[in-house]
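Residue-level listing of the chains:
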Amino acid sequence: MSQIRLQNIEDLLQVMSTALGRYLERTPLMIGIHTGGTWVAKHLHASLGLSDVLGSLDITFYRDDFTRIAMNPQVKTSQLPVNIDDRHIILVDDVLHTGRTTRAAMNVLFDYGRPKSIVLAVLVERDGRELPIQPDIVGQRLRLGDHQHVKLFGPEPLRLDILEKPV
Amino acid sequence: MTAPISQFNDDGTLHHFLTIEGLGRETLIQILDTAESFIDVGHREIKKVPLLRGKTVVNLFFESSTRTRTTFEIAAKRLSADVINLNPLRLSTSKGETVLDTVKNLEAMHTDLFVVRHSYSGAALLIAQHMPQHVSIVNAGDGRHAHPTQAMLDVFTIRQHRPDFQNLRVAIVGDILHSRVARSQIHALNTLGVAEVRVIAPKTLLPTEVERLGVRPYHDMQQGLQDIDVVIMLRLQLERMQGSLIASEQEYFNLYGLTNDKLAHAAEDVLVMHPGPINRGLEIDSDVADGPHSLILSQVTNGIAVRMSIMAIVMGGQSTRRED
């Protein structure tokens, strides 16, 4: 795919870090979505020097397609070591595509408490939204074909790749 | 058990949960790992996840139960299912309706999952054979045959304290003959690769050829408990006993009742378990049941997460099967 150029991951993380600076005065709590979102969040959390420990969310039990697909054999446990009530949350994911993962993640969060606000930060925003969900912070925007799929590999080093789905 | 029925879907995922026999190590590990994630739900402000929202679970207990029925009910509710508890002993079957007719009528009300307990070995399997494809059956105990969710919560509890199964020695003590729990535990422990499983009981309470299950039989507590890491005590099922299988309750307690004296032969940090209900002073002394080695109440707590895991796994992918 010669037209699509993926930027360097370090640059994307730098762009996100800088943009997140404006939320720092709210002493936000950062939470990554398993698995790629947690990888990205780990970098952002370190570069922003946030004081609260990084949280992570597994959305398996909140997927809207659960009764259509089998249970994911690798369920992780959500780790929210800090009470989220009345906190400003930065929710981090690797790729925003349909918006369904974000919706599920917000449902998980509200079963843990009532956050004051949530902003969404994603490494890559691609087209194909199926729900009215938009990111607040974006590393890179991509327009991909229906047969294309962007995937983050990690945890170290992080690497983005565009995969062609078999037709 | 004549007509073959698989616990699996075509893609190898679990559709029913009837027995541990025939399940691979990976399937058992998936159940345990998923249960691990559900433990967290019980500690949250909102103790619910939406996995089985809109699904109807029927607890169908043809035999009495407190712990199992209650933990299944809590488990289903924490998965957001609607739960109906039936005790058919007091309902239609006492009017002459057969078990299969009862279940078929309930299925006609668009229920999705049956949790079945029955005194007849093979009851859950029989019901599974007569259900449409989208309905799942979980066995909550059938006769002397199997009680697979109990065995899974037991191995889950062991794993929390002793994750290294390869070096583990487990002894199951008591009424093995009548125990569906013991049969399921033996299959689970062997599938997960524990070093040794022993059964300790008088000859009258051991099935013939019990060695074929992959256990080493003992008739003496002192020998059998030597260097054991986990002791699982079983309830003496007096209600299932016909004829005199034990001389007297007092003599049984003297020989096989678990006391701190007998426990001293086991490993120093031995774990003591019992599926309940316990008969204090018959198979276990109160000092042991309430003592520092006892995990009896952890087993009950873990029963919820393990049953959530099993129900969630068998219901995964369910709506695709409704169409065919």
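Numbering of residues begins from 1 in every chain and follows the order in which that chain's sequence is written. Throughout, the order in which chains and ligands are written sets their labels, letters from A for the former and numbers from 1 for the latter. Reporting of local features is limited, given that this is a predicted model, to residues whose pLDDT is at least 70; pairs of side-chain atoms are given and counted only at 80 or more, and all residues count toward the totals for whole chains, interfaces and linings. Values shown for side chains rest on all heavy atoms present in the structure; no hydrogens or waters enter the calculation.

J.: Quick question: what am I supposed to make of the environment of B:Gly174 here?
T.: Residues and elements named next belong to chain B. Per the convention used, a helix needs a DSSP run of H or I reaching at least four residues, while a strand needs a run of E reaching at least two, with both numbered from the N terminus. You can see Gly174 is positioned in the loop between strand S5 (169-173) and helix H6 (180-191). Here's how the labels work: a residue is buried when its accessible area is under 20% of the maximum for its type, exposed when over 50%, partly exposed in between, all with a 1.4 Å probe on protein chains only. By relative accessible area, Gly174 is classed as buried at 1%. In this structure, the C-alpha to C-alpha distance between Gly174 and Leu255, residues 81 residues apart in sequence, is 10 Å. Only heavy atoms matter for contacts: two residues are in contact if any of them lie within 4.5 Å across the pair. Not counting residues within four places of it along the chain, the set of residues in contact with Gly174 comprises Ile200, Ala201, Leu205 and Tyr252.

J.: Honestly, the confidence of the model for chain B in this entry has me stumped. Any pointers?
T.: Interpretation of the predicted coordinates at a detailed level should be avoided for regions scoring low in pLDDT. As a per-residue quantity, pLDDT reports the predictor's confidence and falls between 0 and 100. Mean pLDDT over chain B: 92, with 93% of residues reaching 70 or higher. Model confidence for the complex: the whole-complex pTM is 0.89, and ipTM, which rates the interface, is 0.77.

J.: Is there a simple way to think about the side chain of A:Asp93 in this case?
T.: All names here are of chain A. If you trace the backbone, Asp93 turns up in strand S3 (residues 88-96). Although buried, Asp93 forms no salt bridge, and the nearest oppositely charged side chain, Arg63, lies 9.9 Å from it. Beyond its immediate stretch of four places on either side in the chain, Asp93 contacts Ile33, Gly37, Thr101, Ala121, Val122 and Leu123. Residues scored as positive are Lys and Arg, those scored as negative are Asp and Glu, and His as well as the terminal groups of each chain are ignored. Salt bridge, as used here, is a side-chain nitrogen of Lys or Arg placed within 4 Å of a carboxyl oxygen of Asp or Glu.

J.: Looking at this structure, I do not really get the pattern of salt bridges. What am I missing?
T.: Any two side chains of opposite charge can pair, on the condition that their charged atoms come close. In the structure shown here, the tally under the stated rule is 18 salt bridges over all chains. With a shortest N-O distance of 2.8 Å, A:Glu130 and A:Arg100 are connected by a salt bridge. A residue pair is termed long-range when its members are at least 10 positions apart, and A:Glu130 in the loop between strand S4 (117-126) and strand S5 (137-142) and A:Arg100 in helix H3 (residues 100-112) qualify at 30 residues. Using a relative accessible area of 48% as the deciding quantity, one classes A:Glu130 as partly exposed. When the shortest N-O distance is used, the salt bridge between B:Glu36 and B:Arg159 registers 3.1 Å. Of this pair, B:Glu36 sits in helix H1 (residues 25-39) while B:Arg159 is found in helix H5 (residues 148-161), placing the two residues 123 residues apart along the sequence. Look at B:Glu36 and you get partly exposed, because its relative accessible area is 34%.

J.: Could you clarify how one ought to interpret unusual backbone geometry in this entry?
T.: Excluding glycine, residues mostly have negative phi values, and the peptide bonds linking residues are mostly trans. Residue A:Thr35 is reached from A:His34 by a cis peptide bond, and omega for that bond is -10 degrees. For A:Thr35, the position within the fold is in the loop between strand S1 (29-33) and helix H2 (36-48). For the bond from B:Gly276 to B:Pro277, the omega torsion is -5 degrees, close enough to zero to count as cis. For B:Pro277, the location among the structural elements is in the loop between strand S9 (271-273) and helix H10 (286-289). The residue A:Thr27 is not glycine, and still its phi comes out positive at about 40 degrees. Relative to the assigned elements, A:Thr27 resides in the loop between helix H1 (9-20) and S1.

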